[in-house]
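Residues per chain, in single letters:
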Amino acid sequence: MDTKPTILVQLDTDALPSSFDRVVAVDAGVQHLFSYGGVTPAAVMPLVHGCIFTRGPQDLKRTAVFVGGSDVAAGEAVLAEVKKHLIPSYGLTVSVMLDSNGANTTAAAAVRAAGRHANLNVANSLVLGGTGPVGQRVARLLAKHGGHVRIGSRQKERAEGVCAAIRAAIPGANVEAVAVASSSDGPKALEGRELVIAAGAPGAVLLPKKIRDTCRTLRVAIDLNGVPPTGIEGVDLGDKAKDRDGVICYGALGVGGTKMRIHKAAITELFARNNAVLDVEEIYQIALQVQ
Amino acid sequence: MDTKPTILVQLDTDALPSSFDRVVAVDAGVQHLFSYGGVTPAAVMPLVHGCIFTRGPQDLKRTAVFVGGSDVAAGEAVLAEVKKHLIPSYGLTVSVMLDSNGANTTAAAAVRAAGRHANLNVANSLVLGGTGPVGQRVARLLAKHGGHVRIGSRQKERAEGVCAAIRAAIPGANVEAVAVASSSDGPKALEGRELVIAAGAPGAVLLPKKIRDTCRTLRVAIDLNGVPPTGIEGVDLGDKAKDRDGVICYGALGVGGTKMRIHKAAITELFARNNAVLDVEEIYQIALQVQ
Amino acid sequence: MDTKPTILVQLDTDALPSSFDRVVAVDAGVQHLFSYGGVTPAAVMPLVHGCIFTRGPQDLKRTAVFVGGSDVAAGEAVLAEVKKHLIPSYGLTVSVMLDSNGANTTAAAAVRAAGRHANLNVANSLVLGGTGPVGQRVARLLAKHGGHVRIGSRQKERAEGVCAAIRAAIPGANVEAVAVASSSDGPKALEGRELVIAAGAPGAVLLPKKIRDTCRTLRVAIDLNGVPPTGIEGVDLGDKAKDRDGVICYGALGVGGTKMRIHKAAITELFARNNAVLDVEEIYQIALQVQ
């Protein structure tokens with residue numbers, strides 16, 4: 001065999017590995033998909049060794065690892081373990097991507113959508129649900145662009161923690177924690193914002209329409225709730241760059257096409273080399289190339 | 001990629017998904033098989049969502065679901081759950097097939113074989129082991145054809161229950177429960193029958209030769225026991241339209257080739273559209289097209 | 001479909017089936033790989049039946065079984081169970097291979113390497129770690145060649161047990177148990193040996209350099225430890241026919257390329273017919289054909 005087939009090793013922290021991630025892998029052209037469910041860090045070493053000790057150096061880029069599952073923290077622990085067992089000093093590495101709960105591709109797609117309508121290097125933004133896995137990633141990507149980012153949470157201390165983590169990763173990051181626990185918090189959090197992205201838990205309306213209407217600076221509103229109601233009242237799941245009273249709106253389905261293209265492009269990127277580590281920032285860089 | 005590869009998602013209620021169903025899927029031309037074991041209704045929703053939310057409407061017919069495993073009731077519960085999470089109002093459906101324990105394809109193959117030698121619209125028949133998963137399905141298919149169907153069971157009450165279920169599904173079904181607990185029940189149950197199909201548990205002889213010989217009307221005898229002894233004494237596992245003293249006989253292996261062709265044809269049918277639900281009656285319709 | 005795709009059914013006794021064995025299977029050209037983890041003998045029957053009852057006799061050689069996992073004894077039990085459910089009297093068989101923990105391919109590769117530098121039909125040899133799964137297999141292959149084989153173990157009684165098993169399998173086998181518990185045992189065990197192969201547990205130095213230097217007859221030293229230190233002091237993991245003071249040395253990595261080629265050739269051999277049973281001796285025969 002001249003060219004070895006491509007292999008994606010799916011390490012999923014749920015008992016049954018995500019069929020969503022499997023379909024996307026196949027549609028991205030993966031030839032052999034090895035799907036593992038119930039993966040814990042303790043199980044990772046032999047699985048990684050099976051990747052790096054089986055093919056010659058020139059073929060290691062034809063094998064890659066995808067970490068997924070519904071629990072983002074569990075996925076991060078598995079990713080850390082995967083990296084621990086690669087042996088870069090001997091060139092014994094394979095590319096690896098993290099997208100537990102779709103958090104990285106969703107965050108990248110949301111910020112990518114926002115960047116089509118606002119100059120993210122200067123725009124002031126608010127991230128609602130900013131302490132969840134998607135919200136944290138959205139805030140981090142926005143902060144890296146350079147604008148001022150407010151991170152909203154019901155518990156301000158948790159938002160402070162996210163701010164600290166972002167400042168540690170991105171020196172000079174311009175982030176601010178805001179409480180959004182009561183209805184009176186809304187106008188203050190929204191003040192001066194050009195962009196709001198909501199990434200809260202399903203079922204919670206984070207930004208009522210009447211509060212949103214008090215903000216004269218708002219230009220872009222992106223909601224990532226996959227089921228009604230949307231976190232930003234008045235945005236529809238299907239909105240895709242929809243102009244509503246001067247505000248460009250996106251709903252989860254409107255962002256979904258971009259998210260899917262990013263996911264597939266990231267899978268493709270895994271096989272371009274044998275040492276890619278695709279976490280949120282790398283996936284966002286890929287997102288910037290996606291049409 | 002112009003045409004997306006075909007994907008079959010195998011939801012198996014046993015811990016290790018059936019290798020039989022996997023081989024048949026591959027031989028039916030499925031390109032990617034996602035096999036899940038230990039599937040319970042609680043696990044179904046995300047697996048179905050992964051099917052319907054990943055490909056565009058024009059490609060949904062390239063993804064399908066197969067429900068299997070040794071426990072037919074468990075499979076029925078999984079099928080019901082699959083249907084619950086399809087969203088036909090938005091066209092977000094994939095085709096699904098149930099064949100736990102091979103019950104649907106076996107029943108369809110048996111009735112298909114019978115129909116080659118008897119006019120099922122008028123023939124009187126007896127189904128032995130008529131309350132088991134295969135027997136119930138055989139009885140239902142025969143009843144739908146229109147002939148008079150006796151459903152035999154050691155416990156007549158259980159046979160009554162099956163009759164009631166068939167009448168509820170097929171108004172006007174001409175079914176009758178008969179006890180076959182003692183040797184004296186045999187001649188009475190068999191009286192006036194042109195066709196007998198045995199679908200009982202392995203190891204039990206349901207119809208001794210000497211009782212069968214008392215029946216002058218019998219023309220077709222089909223036995224579905226995969227291991228000796230056959231439920232109908234005198235029929236051999238390998239019989240395939242074998243004439244034994246004027247009675248056309250089939251054994252499990254003789255029906256097996258037809259069963260396999262039906263199974264493969266049903267898998268193929270799954271990918272012809274995105275909204276097929278292949279349970280016993282739909283699979284029998286497919287069986288009627290199989291050579 | 002004219003030619004059915006090749007299917008390898010991987011029965012792995014670990015919870016998550018080996019990614020190593022999966023990659024090798026794919027690289028050996030297997031088209032569909034059905035991977036099962038957590039396989040016990042109790043689960044084997046339906047999996048084997050699914051192999052032998054689905055394809056016609058002419059296609060059974062396109063389906064094969066691979067038994068693996070980290071526990072060699074568990075793999076042997078699964079292999080025995082697989083053989084029990086094949087039905088050779090009806091031609092209903094598929095080929096099967098055992099390579100739990102890589103023991104068979106590793107032993108075959110080590111003896112193959114030794115045979116490049118010594119006449120194994122007459123050479124006197126010593127197997128250190130001779131009671132472990134790899135060591136036992138190495139000793140057996142050497143004994144079959146005909147030379148005198150010393151089997152070393154810390155507990156001489158265990159080595160005696162291995163000798164008895166080899167004599168039972170190979171009448172006239174010229175094997176001898178030796179204790180290698182204390183440092184004074186070394187020179188005696190090594191006396192008159194042309195070849196030493198170390199297959200002990202990781203981390204234990206079985207043959208210190210100063211003891212080795214006392215042996216004037218030694219020509220070939222092969223160490224199978226995958227991580228430092230090597231069991232034979234002075235041999236490097238990467239040694240591949242490396243001449244060190246007149247002794248030809250191999251380390252685990254030096255043997256690894258041959259092991260991989262043997263593994264792939266054995267997988268290929270599975271699909272050449274439908275009745276191969278590839279345990280250590282059959283795999284060694286394949287090894288002799290590998291370049």
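The rules behind the values
Residues numbered from 1 in each chain as written. Chains lettered and ligands numbered in written order. Predicted model: local features only at pLDDT ≥ 70, side-chain atom pairs only at ≥ 80, totals over all residues. Heavy atoms only, no water. Helix = DSSP H or I, 4+ residues; strand = E, 2+ residues; numbered from the N terminus. Buried < 20%, exposed > 50% of the residue type's maximum accessible area, 1.4 Å probe, protein only. Core = buried A, V, L, I, M, F, W, Y, C linked by side-chain atoms within 4.5 Å. Contact = heavy atoms within 4.5 Å. Least-squares fit on C-alpha atoms with pLDDT ≥ 70 in both. Phe/Tyr/Trp six-rings, centres within 6.5 Å; stacked < 30°, edge-to-face > 60°. Lys NZ or Arg CZ within 6 Å of the ring centre and 35° of its normal. Buried area = accessible area lost by both parts, 1.4 Å probe. Salt bridge = Lys/Arg side-chain N within 4 Å of Asp/Glu carboxyl O. Nonpolar A, V, L, I, M, F, W, Y, C, P; charged D, E, K, R; others polar. UniProt positions renumbered as here; feature names shortened; annotations may be inferred.

### What about unusual backbone geometry?
Inference 1: Between P228 of chain B and P229 of chain B the backbone carries a cis peptide bond, its omega angle lying at 0°.
Inference 2: Along the chain, P229 of chain B turns up in the loop between β9 (220-223) and β10 (240-244).
Inference 3: For N101 of chain A, which is not glycine, the phi dihedral falls at a positive 55°.
Inference 4: You can see N101 of chain A is positioned in the loop between β4 (95-98) and α4 (103-115).
Inference 5: The exposed category is assigned to N101 of chain A, whose relative accessible area is 51%.

### Observations concerning the nonpolar core
Residues and elements named next belong to chain A.
Inference 1: Among the nonpolar cores identified, the biggest contains 84 residues, and L8 and I222 are the most heavily contacted of them.
Inference 2: If one sorts the elements of this core by residue count, α4 sits on top with 8 residues.
Inference 3: In this structure I222 touches A110, A113, A114, L195, V196, I197, A198, I232, Y250 and V255, once residues within four positions along its chain are discounted.

### Structural notes on the relation of the copies chain C and chain B
Inference 1: When chain C is fitted to chain B, the residual RMSD is 0.1 Å, and the transformation amounts to a turn of 120° plus an axial shift of 0.0 Å. With respect to symmetry, the two chain copies, as superposed, fit the operation of a three-fold axis. Of every C-alpha in chain C, the one belonging to H32 of chain C sits nearest the axis of rotation, 5.1 Å from it.
Inference 2: Little of the interface of chain C is mirrored in chain B, where only 5% of its interface residues are also at the interface.

### Some words on the packing of aromatic side chains
Inference 1: A full pass over the atoms with the stated rule returns 0 aromatic pairs over all chains.
Inference 2: Across the ring face of Y36 of chain C, the terminal group of R22 of chain B is positioned such that the distance to the ring centre comes to 4.9 Å.

### Focus: the interface of chain C and chain A
Inference 1: Counting from both sides, the interface comprises 16 residues of chain C and, opposite them, 19 residues of chain A.
Inference 2: Where chain C abuts chain A, roughly 1300 Å² becomes buried across the two surfaces, and 67% of that area is made up of carbon and sulfur atoms.
Inference 3: The interface formed by chain C and chain A contains 1 salt bridge.
Inference 4: R55 of chain A serves as the salt-bridge partner of D27 of chain C, at 2.7 Å between the closest nitrogen and oxygen.

### Quick word on the interface of chain C and chain B
Inference 1: The partner chain B presents 16 residues to the 19 residues of chain C that form the contact.
Inference 2: Between chain C and chain B the total buried area reaches about 1300 Å² when both faces are included, carbon and sulfur atoms providing 67% of it.
Inference 3: On the chain C side of the contact with chain B, F34, Y36 and T54 of chain C bury the most area, a combined 41% of that side's loss.
Inference 4: For the pair chain C and chain B, the interface holds 1 salt bridge.
Inference 5: For the side of chain C that touches chain B, the secondary structure elements donating two or more residues are β2 (32-36) and α2 (44-52) of chain C.
Inference 6: Looking at which element gives the most residues to the side of chain C that touches chain B, the answer is β2 of chain C, with 5 residues.
Inference 7: Residue composition of the side of chain C that touches chain B, grouped by class: 12 nonpolar, 5 polar and 2 charged.

### Here we look at the relation of the copies chain C and chain A
Inference 1: Of the transformation superimposing chain C on chain A, the axial component is 0.0 Å and the angular component is 120°, with the fit at an RMSD of 0.0 Å.
Inference 2: Here only 6% of the contact residues of chain C are again contact residues in chain A; the copies associate through non-equivalent surfaces.

### Regarding the UniProt feature "domain: Methylene-tetrahydromethanopterin dehydrogenase N-terminal" (unreviewed entry) in chain A
Inference 1: Per the UniProt annotation, the sites labelled "domain: Methylene-tetrahydromethanopterin dehydrogenase N-terminal" (unreviewed entry) are residues 19-101 of chain A.
Inference 2: Between the end C-alpha atoms of residues 19-101 of chain A the distance is 12 Å, and the span holds 39% helix and 18% strand.

### Observations concerning the environment of L126 of chain A
Inference 1: Structurally, the position occupied by L126 of chain A is in strand β5 (residues 125-128).
Inference 2: If we skip the residues at most four places from it in the chain, L126 of chain A touches R150, G152, V178, A189, L190, R193, L195, V196 and I197 of chain A.

### Quick look at the pattern of salt bridges
Opposite charge on two side chains allows them to pair when their charged atoms are near.
Inference 1: Here the structure, examined in full by the defined rule, presents 30 salt bridges over all chains.
Inference 2: Here R140 of chain C makes a salt bridge to E281 of chain C, at a shortest N to O gap of 2.8 Å. Here E281 of chain C lies in helix α10 (residues 280-287) and R140 of chain C lies in helix α5 (residues 133-145), a separation of 141 residues in the sequence.
Inference 3: What makes R140 of chain C partly exposed here is its relative accessible area of 29%.
Inference 4: When salt bridges that share partners are traced, they join R140, K144 and E281 of chain A into one network.

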